[in-house]
Amino acid sequence: MNAKPISRRGLMLVLSSPSGAGKTTISRRLLDRDPGITMSVSVTTRPMRPGEQPGVDYYFVDLPEFDRMAEQGELLEHARVFGNCYGTPRSTVEQALGAGRDVLFDIDWQGTQQLAANARNDLVSVFVLPPSGTELERRLHTRAQDSAEVIAQRMAKASDEISHWAEYDYVIVNNDVDESVTAVQAILRAERLRRTRQVGLPAFVQSVQAAL
Ligand code: 5GP
């Protein structure tokens, strides 16, 4: 007999890191490997970069629209990063969680703190560290997309972001992308089995006991 899966509430998996630590690559591979998790697409006021697609990488909005969304409570969290505004649209995330689907977030420490304050039970947070400071610096310089000024800002922001590592549930040093993705998958697998997340568990246990 094929057992029916026990229903559960979705979880919010947050990946944070300084720019250049490899978080975006880890996120993409995780999404490829695990059909049970979907990416939360943020809204931002920053300009679109070459190769980015609206609605896929971000929803690109102007500042008045961003402010309107924030004021009307349409954002689950929001923050200013590198002089631009970023935020997580609330409705898509809440729908997914309610339907038992997991959601992946690529957000900074400010957003993670807000999610932790408002939805701690649904949150699993992972901080990705670079293999070393010099490697991080090298990666930031080889990224062709940004101006020298932006790179300098990111270097300054990197140490600020790293200073929040201890606020996260899990920490991964990204020496090897494949290993890091496997580590995130292991975290996800274990967190899905948390007793408190499996809302169908009491009914299931009752059915097991009823047969005894
Ligand atoms: P980028 O401009 O390089 O795409 O992102 C810059 C930083 O903003 C990254 O650290 C990223 O994690 C963060 N970020 C992206 N979307 C959001 C969001 O919706 N909320 C918050 N708090 N940070 C975000």
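Before going into details, it helps to say that this report is about the structure given with it. Bear in mind the structure is a predicted one, so any value in this text is a computation, not a measurement.

## Re the site of the ligand
Taken together, 17 residues are adjacent to the ligand, and Ser 42, Arg 46, Tyr 58, Tyr 86 and Asp 106 come closest. At a separation of 2.8 Å, a nitrogen atom of the ligand approaches a polar side-chain atom of Glu 77. Within the complex, 93% of the 510 Å² of free accessible area of the ligand lies under protein. Placement of the ligand is best described as lying within the largest pocket. Elements supplying a minimum of two residues to the shell around the ligand: strand S5 (75–81) and strand S6 (84–89).

## Looking at the side chain of Asp 102
Locating Asp 102 in the fold gives a position in strand S7 (residues 102–106). Among the residues examined, Asp 102 registers a relative accessible area of 0% and is labelled buried. Separated by 2.8 Å, the side chains of Asp 102 and Arg 8 make a polar contact. Apart from the residues lying within four places of it in its own chain, the contact partners of Asp 102 are Arg 8, Gly 10, Leu 11, Gly 36, Ile 37, Thr 38 and Arg 192.

## Focus on the nonpolar core
Core analysis: the biggest nonpolar cluster contains 16 residues, and Leu 13, Leu 15 and Val 184 have the highest contact counts within it. At the level of elements, strand S1 (12–16), helix H1 (23–33), strand S8 (123–129) and helix H7 (177–192) are the ones that each hand at least two residues to this core. The dominant element in this core, judged by the number of residues it contributes, is H7, at four residues. Once residues lying within four places of it in the same chain are set aside, the contact partners of Leu 13 are Leu 30, Ile 37, Val 103, Leu 104, Phe 105, Val 124, Val 126, Val 184 and Leu 188. One finds Val 14, Leu 76, Ile 107 and Leu 115 within the second-largest nonpolar core, a separate group that totals 15 residues.

About the cut-offs
- Residues numbered from 1 in each chain as written.
- Predicted model: local features only at pLDDT ≥ 70, side-chain atom pairs only at ≥ 80, totals over all residues.
- Heavy atoms only, no water.
- Near = heavy atom within 4 Å.
- Polar contact = N/O pair within 3.5 Å; in protein donor to acceptor, adjacent residues only side chain to side chain.
- Areas by Shrake-Rupley, 256 points an atom, 1.4 Å probe, with all protein chains shown as cover.
- 1 Å grid on protein atoms, 1.4 Å probe; cavity = no way out; pocket = protein on both sides within 12 Å on 5 of 7 lines; lining within 4 Å.
- Sits in = over half its atoms within 2 Å of the grid points.
- Helix = DSSP H or I, 4+ residues; strand = E, 2+ residues; numbered from the N terminus.
- Buried < 20%, exposed > 50% of the residue type's maximum accessible area, 1.4 Å probe, protein only.
- Contact = heavy atoms within 4.5 Å.
- Core = buried A, V, L, I, M, F, W, Y, C linked by side-chain atoms within 4.5 Å.

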